[in-house]
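# Architecture at a glance
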Amino acid sequence: MAQKARAKTKATAKPKAVEEERKWVEMQCAFCQGTGRDPFGVMSVLSNCAVCGGMGTVRVKEPYVPCRACGGRGIQSFTRLACMGCGGKGVSHVEEPTETCPVCKGTGLDGLHLYCLRCHGTGVATAKTADS
Ligand SMILES: [Zn+2]
Ligand SMILES: [Zn+2]
Ligand SMILES: [Zn+2]
């Protein structure tokens with residue numbers, strides 16, 4: 001009950017949400033190639049794309065790199081599923097600074113899991129910042 005003038009004086013501060021918004025870019029959904037439909041019609045030819053929910057576009061946080069596990073197609077090799085590395089977007093967000101993934105040597109692939117768990121199929125991993 002005691003919060004009268006306080007809220008108004010603080011209203012000049014920039015809302016944090018705006019700055020966050022800039023780091024996200026909208027791009028064509030790789031999985032359905034922007035059609036918004038399930039590219040394989042697994043459920044029905046009219047069913048929505050599971051990746052973009054029928055929007056045809058997906059939002060990716062910058063900076064991002066193309067997914068190597070699926071070659072940027074958003075589709076897992078040998079399956080009709082969305083790539084597990086990038087979630088079907090064809091690109092993946094990476095935190096800078098980056099380096100070639102030491103686990104998959106930049107291929108983005110792992111024999112057992114189809115995509116490299118360390119770099120999520122990007123072939124690029126966040127470099128460890130060394131203090132020394
Ligand atoms: Zn889609
Ligand atoms: Zn992928
Ligand atoms: Zn890797």
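Residues numbered from 1 in each chain as written. Chains lettered and ligands numbered in written order. Predicted model: local features only at pLDDT ≥ 70, side-chain atom pairs only at ≥ 80, totals over all residues.

## Overview of the overall build of the protein chain
To keep things clear, this is the line we draw: Numbered from the N terminus, helices here are DSSP runs of H or I no shorter than four residues, and strands are runs of E no shorter than two. Counting other C-beta atoms within 10 Å of a residue's C-beta gives its exposure: the residue is buried at 20 or more, exposed at 12 or fewer, and partly exposed in between, where C-beta atoms are placed from the backbone. With C-beta atoms placed from the backbone, a contact is any residue pair whose C-beta atoms sit within 7 Å.
Counting its regular elements, the protein chain contains two helices and six strands. Overall, the protein chain shows an N-to-C arrangement of helices and strands of α-α-β-β-β-β-β-β. Taken over 132 residues, the protein chain has a buried fraction of 30%. The contacts in the protein chain between residues at least 6 apart in sequence include a share of 51% that link residues at least 24 apart.

## What to know about the environment of Leu46
Looking at where Leu46 falls in the secondary structure, it is placed in the loop between β1 (24–28) and β2 (57–61). Each C-alpha atom of the pair Leu46 and Gly36 lies 9.4 Å from the other, and the pair is ten residues apart in sequence.

## So, unusual backbone geometry
Between Glu62 and Pro63 the backbone carries a cis peptide bond, its omega angle lying at -5 degrees. Considering the arrangement of structural elements, one finds Pro63 in the loop between β2 and β3 (64–66). The phi torsion at Gln33 lies on the positive side, around 55 degrees, for a residue other than glycine. Locating Gln33 in the fold gives a position in the loop between β1 and β2.

## Quick look at the confidence of the model for the protein chain
Heads up, the rule is: What pLDDT expresses is the predictor's confidence in each residue, scored from 0 to 100.
Taken residue by residue, the protein chain gives an average pLDDT of 85. The fraction at 70 or more is 78%. Mean pLDDT per element in the protein chain: helix α1 (residues 6–9) is the minimum at 53, and β2 is the maximum at 96.

## Quick word on the environment of Glu95
Looking at the element boundaries, Glu95 is found in the loop between β4 (91–93) and β5 (98–100). Here the alpha-carbon distance between Glu95 and Pro63, two residues 32 residues apart in the chain, equals 7.1 Å.

## Thoughts on the environment of Ser77
Counting through the fold element by element, Ser77 comes out in the loop between β3 and β4. Residues Ser77 and Leu114 lie 37 residues apart in sequence; the distance between their C-alpha atoms is 7.8 Å. With residues up to four places along the chain from it excluded, the contact list for Ser77 reads Cys70 and Leu114.

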